[in-house]
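Understanding the architecture of this molecule
As a plain string of letters, each chain reads:
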Amino acid sequence: MRQELMSLPKTLAEDVARNLVMVAKLLDEDAEQAYGYAKVALRLASRVAAVREAAGFAAYGVGKYAEALAEFRAARRMTGSSHLWPVMADCERGLGRPEKALAMAGEPEVQKLDKAGQVEMRLVAAGARRDMGQTEAAVVTLQSPELASNSVQPWTARLRYAYADVLLAVGREEEAREWFARALEADQGGMTDASDRLAQLDGVEFLDALDPEAELEDVSEPEETHGRASAEAAEAGGEDRGAEEER
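The sections below set out a description of the structure shown in this document. (Residues numbered from 1 in each chain as written. Predicted model: local features only at pLDDT ≥ 70, side-chain atom pairs only at ≥ 80, totals over all residues. Heavy atoms only, no water.)

Before going further, it helps to examine helix α11 (residues 156–169). Helix length check: α11 (14 residues) gives 20 Å between terminal C-alpha atoms against 20 Å at 1.5 Å per residue, within 8%. By the burial criterion, the buried members of α11 are T156, A157, L159, R160, Y161, Y163, A164, V166 and L167. Residues of α11 that are buried in the fold lie against α8 (115–131), α9 (135–142), α10 (145–148), α12 (173–186) and α13 (194–201). Just past α11, the residue G171 takes up positive phi, approximately 85°. (Helix = DSSP H or I, 4+ residues; strand = E, 2+ residues; numbered from the N terminus. Expected span 1.5 Å × (residues − 1). Buried < 20%, exposed > 50% of the residue type's maximum accessible area, 1.4 Å probe, protein only. Contact = heavy atoms within 4.5 Å.)

This part is about the pattern of salt bridges. Throughout the structure, instances matching the rule amount to 14 salt bridges. E92 is paired through a salt bridge with R73; the nearest N and O atoms lie 3.4 Å apart. Of this pair, E92 sits in helix α6 (residues 85–94) while R73 sits in helix α5 (residues 65–79), and the two are 19 residues apart along the sequence. By relative accessible area, E92 is classed as buried at 2%. Taking relative accessible area as the criterion, R73 reaches 37% and is therefore assigned partly exposed. (Salt bridge = Lys/Arg side-chain N within 4 Å of Asp/Glu carboxyl O.)

Dropping the structure here:
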């Protein structure tokens, strides 16, 4: 990216770089704000492939799939690289065209992807199968050497999680539980909610300790009990004093 920005005048390159840095920092935390920075960078340097790619991911992050796809296509034309192929296919899914995404999974571009890209393409293809109601076929799509491997790679948790999820969708609950557990083992960065899914399968319910209503319910009951007990004690005390006076 730095190499690409060197084609711009220094001051302009610095301005574009600052906006791209903010896109990267905010994309997972505040997608709308990241999108705003991406639009600024795009306005400043629309002929830089890295800017078009960043704008694509920012648009993708806020669900603007047509815009994201257009930016990814522009970046691909500029670089000739196929690394954006899986996310382009996922944009087709977002636009309600799973058949197109599935067709892209069989194109020669997939063979040019690295291992991470090929796994990503497999995930997109399985998602497209589910979109089309072909859930059993989605199970088969995810069965691969990468899924069977005990080696933990950056994609392992997401692949195992997707497999568990689709197993659950076809009613294979015990196998799904096993794969959610395996996803959790590989999920060092907390990318998935595998622990929550496991808890649901085990019938465990969590209470939100920060929920004001739950807190009020917990606190009000003892206070009311305490108040009734105090009133009853006071009444009992008054009866005792009355009895003593009569004596």
